[in-house]
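What follows is each chain in one-letter form.
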Amino acid sequence: LSLLGTKSGRDLDKLALSGLIAEAANCVAAPVYTQADLAIECRKVYWQDLDPAHFLDPTTHRHYPQQDYHRIYFGEILAIAGSQRYES
């Protein structure tokens, strides 16, 4: 997360730097990663850009010095695949 969550893919090849190996998912057109213990595939059903006027904690703004607020997605789970530790 320290690499993927803080660097832009426009500036560098995050996947190559992370060492993650992408493979095709079963139900969606996005990759899953070989190293993942758990993969949850979702179909997007809703999105919304975060509105800074709705932050309840005024210190939240310091995490967005360039005012590049995130977009939040909600999805319908289509498939779940996990390692043996997730089997019941």
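Quick caveat, the model's predicted, so the values are computed rather than measured. (Residues numbered from 1 in each chain as written. Predicted model: local features only at pLDDT ≥ 70, side-chain atom pairs only at ≥ 80, totals over all residues. Heavy atoms only, no water.)

Draft legend 1. Highlighting the environment of leucine 20. Note that leucine 20 resides in the loop between helix H1 (14-18) and strand S1 (22-24). Leucine 20 sits in the partly exposed class, given a relative accessible area of 25%. Beyond its immediate sequence surroundings of up to four residues, leucine 20 is in contact with Leu4, Leu15, Tyr33 and Gln35. (Helix = DSSP H or I, 4+ residues; strand = E, 2+ residues; numbered from the N terminus. Buried < 20%, exposed > 50% of the residue type's maximum accessible area, 1.4 Å probe, protein only. Contact = heavy atoms within 4.5 Å.)

Draft legend 2. Region of interest: unusual backbone geometry. Despite not being glycine, glutamine 67 has its phi angle at roughly 55°, a positive value. Its place among the elements puts glutamine 67 in the loop between strand S3 (38-49) and strand S4 (71-82).

Draft legend 3. Main features of the environment of glutamine 66. By secondary structure assignment, the location of glutamine 66 is in the loop between S3 and S4. Residue glutamine 66 is classed as exposed on the basis of its relative accessible area of 66%. For the pair glutamine 66 and glycine 5, spaced 61 residues apart in sequence, the C-alpha separation works out to 16 Å.

Draft legend 4. Structural detail: the packing of aromatic side chains. Enumeration according to the criterion identifies 4 aromatic pairs in this entry. Ring geometry for tyrosine 46 and phenylalanine 74: centres 5.9 Å apart, planes at 50°, overall tilted. Taken together, the positions of tyrosine 46 in strand S3 and phenylalanine 74 in strand S4 put the pair 28 residues apart, joining distant regions of the chain. Of the residues examined, tyrosine 46 reaches a relative accessible area of 41% and is grouped as partly exposed. Relative accessible area serves as the criterion here: at 47%, phenylalanine 74 is assigned to the partly exposed category. (Phe/Tyr/Trp six-rings, centres within 6.5 Å; stacked < 30°, edge-to-face > 60°.)

Remember, this is a structural readout, not a statement about activity or role.
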